[in-house]
Amino acid sequence: MILIADCGSTKIDWCLLNNNNTLSRFNTTGMNAVMLTEEEMSLRFAEELMPNIKQFAAQIVQIYFYGAGCIAPSVCNAVSRALKANISAAETIEVYSDLMAAARALCGHNAGIAAIMGTGSNSCLFNGTEIEANVSPLGFILGDEGSGAVIGKLFIGDVLKNQLPADICAEFLAEYQLDLLTIIQRVYREPGANRFLASVLPFISAHIERRELHELVLNSFRAFFRRNITQYEGYKSMPVNVIGSVAYYFKDILSEAASAEGCTLGNILRSPMDGLIAYHNN
């Protein structure tokens, strides 16, 4: 049996496969591996993962874990040991970044450009086996163009600086029950500023027919292509495949931005699990 995990900060999507058949799919609490000790991860797996796979644990021989924060060998090894401590029968445990999950889910065993556009953004040039090049995303303060956090940051900044029509500003602040002091506290004093900023995307989506909001999203997407994708060799000759809720729900504007920057879109998926299942079944 094969166990696959797609781990984000909010939740972990798990899938248990047996002879190309999906036995079970379920979710547990998310985590960023770089923020937890090996012991904390092992306890998390014991409390949340094991009850879901108890009857199959002795038959799981391969585990493929893709996770936020899994960017250094020391972190990946800690995740691997935490899994092994709970699933001792596993003969193969491989731990990869969430960017590798996107590349395999979007491109399979083929070469291509893969990108993530959710709360944050990232991208890479994938050769069908390994990630050959990666422009550092830099996070929502220095980078993460086209992400939910950056679009939210731009939108809230425009609201507070009166750069948007008064009716949009008033409706947003009333609907989200926000004022200047609350926003400053949420962004600068409390944890999870990126998630707070991204949380305004449903409002933007609901009013995307307004020219000002359409242009805000379009310009952020264009910056993503211009500052990231155009640095990959051969970007004009291969499609850009994207995964993530922001790309999925704003796909029409994403296509517009790609065309404006000389890029072509390929696959657009909301989440990677179906693509990962296909990859590991093959």
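## A few points about the confidence of the model for the protein
Stage number 1. For the protein, per-residue confidence averages 94 on the pLDDT scale, and 100% of positions sit at 70 or higher.
Stage number 2. Averaged pLDDT values over the elements of the protein bottom out at 88 in helix 4 (residues 139–142) and peak at 98 in helix 10 (residues 211–227).

## Quick notes on the packing of helix 1 (residues 38–53) against helix 2 (residues 73–86)
Stage number 1. One can describe the packing of helix 1 onto helix 2 by two numbers: an axis separation of 8 Å at closest approach and a directional angle of 45°. The angle between the axes of helix 1 and helix 2 places the two elements in the oblique class. Like other packed secondary-structure pairs, helix 1 and helix 2 cross with a definite hand, here right-handed. Every residue of helix 2 that contacts helix 1 at Glu38, Met41, Ser42, Phe45, Ala46, Leu49 and Met50 is listed here: Ala78, Val79, Arg81, Ala82, Leu83, Ala85 and Asn86.

## Regarding the pairing of strand 5 (residues 92–97)
Stage number 1. Of the pairings in the sheet, the one linking strand 4 (residues 62–67) to strand 5 comprises six bridges and is parallel in character. By the bridge assignment for strand 5, Tyr64 is matched with Glu94.
Stage number 2. One crossover worth recording links strand 4 to the parallel strand 5 by way of helix 2, and it is right-handed.

## Let's talk about the sheet that holds strand 6 (residues 112–117)
Stage number 1. Taking strand neighbours across the sheet as the criterion, the five strands line up as 8-7-6-9-10 in an open arrangement whose pairing is mixed. The two strands at the open ends of the sheet, each matched to only one other strand, are strand 8 (131–133) and strand 10 (265–269). On average, each strand axis in the sheet is inclined to that of its neighbour by 35°, with strand direction left out of account.
Stage number 2. Two elements, strand 7 (residues 121–126) and strand 8, share two bridges in a ladder whose sense is antiparallel. Residue pairing in the sheet places Phe126 in a bridge with Ile131 of strand 8.
Stage number 3. Of the strands in this sheet, strand 6, strand 9 (240–243) and strand 10 touch helix 12 (residues 251–260), which is tilted by about 155° from strand 10.

Cut-offs applied
- Residues numbered from 1 in each chain as written.
- Predicted model: local features only at pLDDT ≥ 70, side-chain atom pairs only at ≥ 80, totals over all residues.
- Heavy atoms only, no water.
- pLDDT = per-residue confidence, 0-100.
- Helix = DSSP H or I, 4+ residues; strand = E, 2+ residues; numbered from the N terminus.
- Axes fitted to C-alpha atoms, helices over the stretch in contact; angles between N-to-C directions.
- Parallel < 35°, antiparallel > 145°, perpendicular 65-115°, else oblique.
- Left-handed = near helix turned anticlockwise from the far one by under 90°.
- Contact = heavy atoms within 4.5 Å.
- Pairing = 2+ DSSP bridges.
- Right-handed = clockwise from strand over helix to strand, strands pointing away.

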